[in-house]
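This is what each chain is made of:
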Amino acid sequence: TTQGCRAAVAWAPGKLSVEEVEVAPPKAGEVRIKLVATGICRTDEHLLQGCFPNAEFPVIPGHEGAGIVESVGEGVTSMKPGDKVIPLCLPQCGECSFCRNPESNFCQKSHISEPQHLLPDKTTRFSCKGKQIHHFLWVSTFAEYTVVPEYTVAKIDAAAPLDKVCLFGCGFSTGYGAAINTAKVKPGSTCAVFGLGGIGLSVVMGCKAAGASRIIGVDINKDKFAKAKELGATDCINPRDFQKPIQEVLTEMTGQGVDYSFEAIGHKDTMIAALASCNMSTGVCVMIGELDSGSEISIDPTLLLTGRTWKGTVLGGWKTRECIPKLVSSYLEKKFNSDLLITHTLPFAKVNEGFELLRAGKSIRTVLLF
């Protein structure tokens, strides 16, 4: 049956309004999830600003959530009602050439290869005031109920606290995996992390877990330095405190540049600075931040000619359906403390307040509870 519930709808770029929406039952191969908690990520802000590629309105944003399976469509075998799950903004169909490649965590069914503001059958499960509402990245976690394809859901340990592991749907997994999987940070190495928000701090945790001896945080908001040091940063620097480009400062601090640099902001100039700040022979720069749609970067090719590697990462290089549950198990074994990223917890009705905290640079992660 159709389920009425609350959801935050963006009718147009700008603000969210909490509305009563109808959520249709799952069709074959789909799962309907009752969300318990959802995090606010800057990617949702990109969508609200109208800067997300191919954004379509009206839409229910949100892509970092956790909940409980409420019902399943026919043919769904990997989960049942009552299971704890994390909906995934990067699917793992298991059948495409990317999914079959052990080196890859991408999937042909991802929104990057096919815009997916509707479900795979090109229809929506959401309606409000008689209007059809678009899905976002197939997950739309800013709703009490959401419908997603089975191959874009990870079933997790029943002991997992959903208000904490919702971050594994995007923020924590992306940053932590960028260090562990994409960069493959080596013990004793030096790292620089540009941007100390939820993603950047997760990168710091990943570098620390990998045994890096020096982790330099770079941010223009010095209020983020204490948290960065608590999570493993050895130094924190503010580019505004120096007369020279930050890549020169980092090169002087380390002798020849860092071994690994990470850009977790999404600005052209910091992308180039991050690339230039890793050492010219074996340095690896990982791009995590999202640039506004249509952006282009021009770089001096000699930055790469001498041997640097410039890589991107999607969801931290994890094969989502198989790895996110393992990451949740590591969390339950206290291998890391991702709870430290959660600075605010608000009731779902205060979703706009959560975005204000993000815009003001006052929060790392706000978790909304339904």
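Described below are features of the structure shown in this document. (Residues numbered from 1 in each chain as written. Predicted model: local features only at pLDDT ≥ 70, side-chain atom pairs only at ≥ 80, totals over all residues. Heavy atoms only, no water.)

Looking now at the packing of helix H7 (residues 246–254) against helix H8 (residues 268–277). Contact geometry of H7 with H8 gives a least axis separation of 8 Å together with a crossing angle of 25°. For the element pair H7 / H8, the angle class is roughly parallel. For the pair H7 and H8, the sense of crossing is right-handed. Here H7 contributes Ile246, Gln247, Leu250 and Thr251 to the contact with H8, which in turn contributes Ala273, Ala276 and Ser277. Its residues placed into classes, the contact of H7 with H8 shows four nonpolar, three polar and no charged. (Axes fitted to C-alpha atoms, helices over the stretch in contact; angles between N-to-C directions. Helix = DSSP H or I, 4+ residues; strand = E, 2+ residues; numbered from the N terminus. Parallel < 35°, antiparallel > 145°, perpendicular 65-115°, else oblique. Left-handed = near helix turned anticlockwise from the far one by under 90°. Contact = heavy atoms within 4.5 Å. Nonpolar A, V, L, I, M, F, W, Y, C, P; charged D, E, K, R; others polar.)

Another point: helix H4 (residues 171–183). The end-to-end C-alpha separation of H4 is 17 Å, in line with the 18 Å expected for 13 residues at 1.5 Å each. Residue Gly177 marks the point of greatest curvature in H4, where the axis turns by about 45°. Judged by how many residues are buried, H4 sits mostly within the fold: 11 of 13 residues are covered. Among all positions in H4, only Gly171, Phe172, Ser173, Thr174, Gly175, Tyr176, Gly177, Ala178, Ala179, Thr182 and Ala183 are buried. Residues of H4 that are buried make contact with helix H5 (198–209), strand S13 (260–263), strand S14 (284–287), strand S15 (309–312), helix H10 (320–332) and strand S17 (365–369). (Expected span 1.5 Å × (residues − 1). Bend = angle between axes of the 7 residues up to and from the residue. Buried < 20%, exposed > 50% of the residue type's maximum accessible area, 1.4 Å probe, protein only.)

Here we come to the pattern of salt bridges. Going through the model one piece at a time under the given rule, you end up with 15 salt bridges. The residue Arg6 makes a salt bridge to Glu144 at a minimum N-O spacing of 3.4 Å. Placement of Arg6 in strand S1 (residues 3–9) and of Glu144 in the loop between strand S7 (131–133) and strand S8 (145–149) is noted, with a sequence separation of 138 residues between them. Measuring nitrogen to oxygen at the nearest pair gives 3.2 Å for the salt bridge that ties Lys129 to Glu19. You can see Lys129 sitting in the loop between strand S6 (126–128) and S7 and its partner Glu19 sitting in strand S2 (residues 17–23), a full 110 residues away along the chain. Given a relative accessible area of 62%, Lys129 falls into the exposed group. Here the salt bridges share partners, and the residues they tie into one network are Lys27, Glu30, Asp121 and Arg125. (Salt bridge = Lys/Arg side-chain N within 4 Å of Asp/Glu carboxyl O.)

So far we have only geometry, and geometry alone does not tell us how the molecule works.
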